[in-house]
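The lines below spell out each chain.
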Amino acid sequence: MEKELNGHALPESSSAEPLAERVSWGQKLGTFFRKNLLVLLTVSGVLVGVGLGMAVRTMDLTKAQMTYFAFPGEMLLRMLKMIILPLVVCSLVSGAASLDTRSLGKLGGIAVGYFLVTTLIASGIGVTLAFIIQPGVGAGALNTNHLSLERVTNDKETADSFLDLARNLFPSNLVAAAFRSYATDYKMVAVGNTTNGTTIYQKVPFGTESDGMNILGLVLFAMVFGVALRKLGEEGEELIRFFNAFNEATMVLVSWIMWYIPFGIMFLVGSKIVEMEDVVLLVTSLGKYIFASILGHVIHGGVVLPLVYFGFTRKNPFSFLAGLITPFTTAFATCSSSATLPSMIKCVEENNGVDKRISRFILPIGATVNMDGAAIFQCVAAVFIAQLNNHQLNAGEIFTILVTATASSVGAAGIPAGGIITIAIILEAIGLPTNDLSLMLAVDWIVDRTTTVVNVEGDALGAGILHHINEQEQKKLQRPREEQELLEVRVEANTQAQEETSPLVTHHSKSQEVAPEAIESVL
């Protein structure tokens, strides 16, 4: 009986194997859902938001009711913007302080080169597509009155726009830089009279403060301050630990906010659909411009950037991007690179294993200066407006568009519709009127979504490339050390072997041991 019972032990264990397999599959499914719950909820939030917006759109809400409907989405944007300032400053200070000065300079140089090259490529794609698709040809009758749009005017000189960029790099007041930035305005000043008594006026620039965080100035200060703390040595350790702790606490807040993102995104997307005016008229009028911009984003984000990442790392770029669905969805819904920064840092570190020192150093900079998507639609918009006004662009003007779009995208604010104002700089540089900018603003809420996704994708892949380069450098540094240690071990082993086996060494050591006794006996 015992044998039979014991004999049944093997069949029981074999029959238990499928059960174990079934449990493991169930566990795998449960693990998958637990791991990707936030991603699934965020994507569901977008889809439900579209359906909710289409349903509410039929109710003919008043403006006040639309505001109430958009309130949960507004709360998400306020939460994300609230966390930007401490996240950017603390992450850059701790990142710059934790990296060695030499590696910081090298990584910073590679990052700047990557940002400039990819933005130039993006500008080239934008101009090329605009000339191929020709969105402005045959649309000369299109005007803002026909579409009942408000006019957007911007009389700022191109030189003053770039001077403002330099001024904002060095804010005169750090506290004010948290909520204000420098902007040039103009006033007409009487400078004399003509012979017939007419007063002569000149346009004189003067400085004003405009609402909006001066993120460029804060980024530069935080980086330099982090390097200065590193130079202090032991004296700066306490302050570095403070910023590190502040940074970690901020990331905890980010992890809490991320669970509100699916709910907030649902109302953000829904409210945008409810607020849409005559979409059919806009799309039919500006459909070629929208198509050219989005096609440029698809080519740059789906082909160029992955190829650049693969060229540096020889790794699959799409497996890297698969871990960033939540930030991409947030970017699509909020249209803000800065608002996407908190979730981007968290996902890049946790899902893709990028070193914290790299991600917290490069991503805040990328969210400020790396605007590949913006460069594409700015170039398309500039060529579109030129075609709209029957202006034939020459080679010099095309080169001006490329350079100005690349340079002005650095100063573009990481906020919704931030790139529209920078188009005015390009138009001023090639002498085109800015009164057609309202056409861009009318459909910006469509184009800006793919623009922001491409912007944050470029930042994330840049962080992945720098992480890979940093790992390769560390391996190169470790090899000489390992070889030196191995050499020392071999030398020690050879010495010990000689001491144990060589008869000469043995005889020599014995003679040394006997020598004192011989001397004593002689004495």
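Residues numbered from 1 in each chain as written. Predicted model: local features only at pLDDT ≥ 70, side-chain atom pairs only at ≥ 80, totals over all residues. Heavy atoms only, no water.

**Q** Looking at this structure, how should I read the nonpolar core?
**A** As a rule of thumb, nonpolar side chains are buried together in soluble globular proteins. One finds Y289, L324, I362 and I401 to be the most contacted residues of the largest nonpolar core, which totals 108 residues. If one sorts the elements of this core by residue count, helix α20 (residues 437-501) sits on top with 14 residues. Those residues within four positions of I401 in sequence are excluded, and the remaining contacts are V127, C379, A382, V383, L393, I426 and I430. The next biggest cluster of nonpolar side chains, apart from the first, holds 6 residues, and it includes V56, M66, F69 and V274. (Core = buried A, V, L, I, M, F, W, Y, C linked by side-chain atoms within 4.5 Å. Buried < 20%, exposed > 50% of the residue type's maximum accessible area, 1.4 Å probe, protein only. Helix = DSSP H or I, 4+ residues; strand = E, 2+ residues; numbered from the N terminus. Contact = heavy atoms within 4.5 Å.)

**Q** Looking at this model, I keep getting lost on empty space enclosed by the protein. Mind explaining?
**A** A probe matching the size of a water molecule, rolled over the atoms, marks out where space remains unfilled. What the rule picks out here adds up to 3 cavities of 30 Å³ or more. Each pocket or cavity is described by its volume, and for the second largest cavity that value is around 50 Å³. What lines the second largest cavity is I110, A111, Y114, F115, I362, G462, A463, I465 and L466. Where the lining of the second largest cavity is concerned, the elements lending two or more residues are α6 (101-133) and α20. Across the lining of the second largest cavity, the residue classes tally to 8 nonpolar, 1 polar and no charged. (1 Å grid on protein atoms, 1.4 Å probe; cavity = no way out; pocket = protein on both sides within 12 Å on 5 of 7 lines; lining within 4 Å. Points joined across faces, edges and corners; volume = space filled by probe spheres on them. Nonpolar A, V, L, I, M, F, W, Y, C, P; charged D, E, K, R; others polar.)

**Q** Can you help me understand the pairing of strand β1 (residues 180-193) in this one?
**A** The side chains of a regular strand alternate between both faces of the sheet. Strand direction decides the pairing type here: β1 and strand β2 (residues 199-211), joined by 13 bridges, are antiparallel. Its bridge partner lying in β2, K187 is registered against V204. Here β1 folds back onto β2, and the loop between the two strands holds 5 residues, one of which, G197, carries a positive phi near 95 degrees. (Pairing = 2+ DSSP bridges.)

**Q** Would you mind going over the pattern of salt bridges with me for this structure?
**A** Applying the stated criterion across every chain yields a total of 7 salt bridges. The salt bridge involving E473 is made with K106; its shortest N-O contact spans 3.0 Å. Linking E473 in helix α20 with K106 in helix α6, this pair joins segments that are 367 residues apart in sequence. Of the charged contacts, one joins E349 and R360 as a salt bridge, the two residues approaching to 2.8 Å between their closest N and O atoms. Note that E349 is positioned in helix α15 (residues 337-352) and R360 in helix α16 (residues 356-369), a separation of 11 residues in sequence. We note that E349, like R360, is buried. The network of salt bridges with common partners includes E248, E349, K356 and R360. (Salt bridge = Lys/Arg side-chain N within 4 Å of Asp/Glu carboxyl O.)

**Q** Help me out: how do you make sense of helix α9 (residues 215-232) in this one?
**A** Along an α-helix, residues three or four positions apart point the same way, because every turn accommodates 3.6 residues. For α9, built from 18 residues, the straight-helix expectation of 26 Å at 1.5 Å per residue is met to within 8% by its first-to-last C-alpha distance of 26 Å. If you check which residues of α9 are buried, you get I215, L216, G217, L218, V219, A222, G226 and L229. (Expected span 1.5 Å × (residues − 1).)

**Q** Would you take a moment to explain the packing of helix α5 (residues 71-98) against helix α10 (residues 234-258) for this structure?
**A** Angle between the axes and distance between the axes are the two parameters that describe a pair of packed helices. Contact geometry of α5 with α10 gives a least axis separation of 9 Å together with a crossing angle of 145 degrees. Two packed elements cross with a definite hand, and for α5 against α10 that hand is left-handed. Along the contact surface, α5 presents M79, L80, M82, I83, P86, L87, C90, S91, V93, S94 and A97, while α10 presents I240, F243, N244, F246, N247, T250, M251, L253, V254 and I257. In terms of residue class, the contact of α5 with α10 is made up of 16 nonpolar, 5 polar and no charged. (Axes fitted to C-alpha atoms, helices over the stretch in contact; angles between N-to-C directions. Left-handed = near helix turned anticlockwise from the far one by under 90°.)

**Q** What is the right way to read the side chain of S255 from this model?
**A** Within the secondary structure, S255 is located in helix α10. S255 gets classed as buried once you look at its relative accessible area, which sits at 17%. For S255, the side chain forms a polar contact with the main-chain oxygen of V252, separated by 2.5 Å. (Polar contact = N/O pair within 3.5 Å; in protein donor to acceptor, adjacent residues only side chain to side chain.)

Remember, this is a structural readout, not a statement about activity or role.
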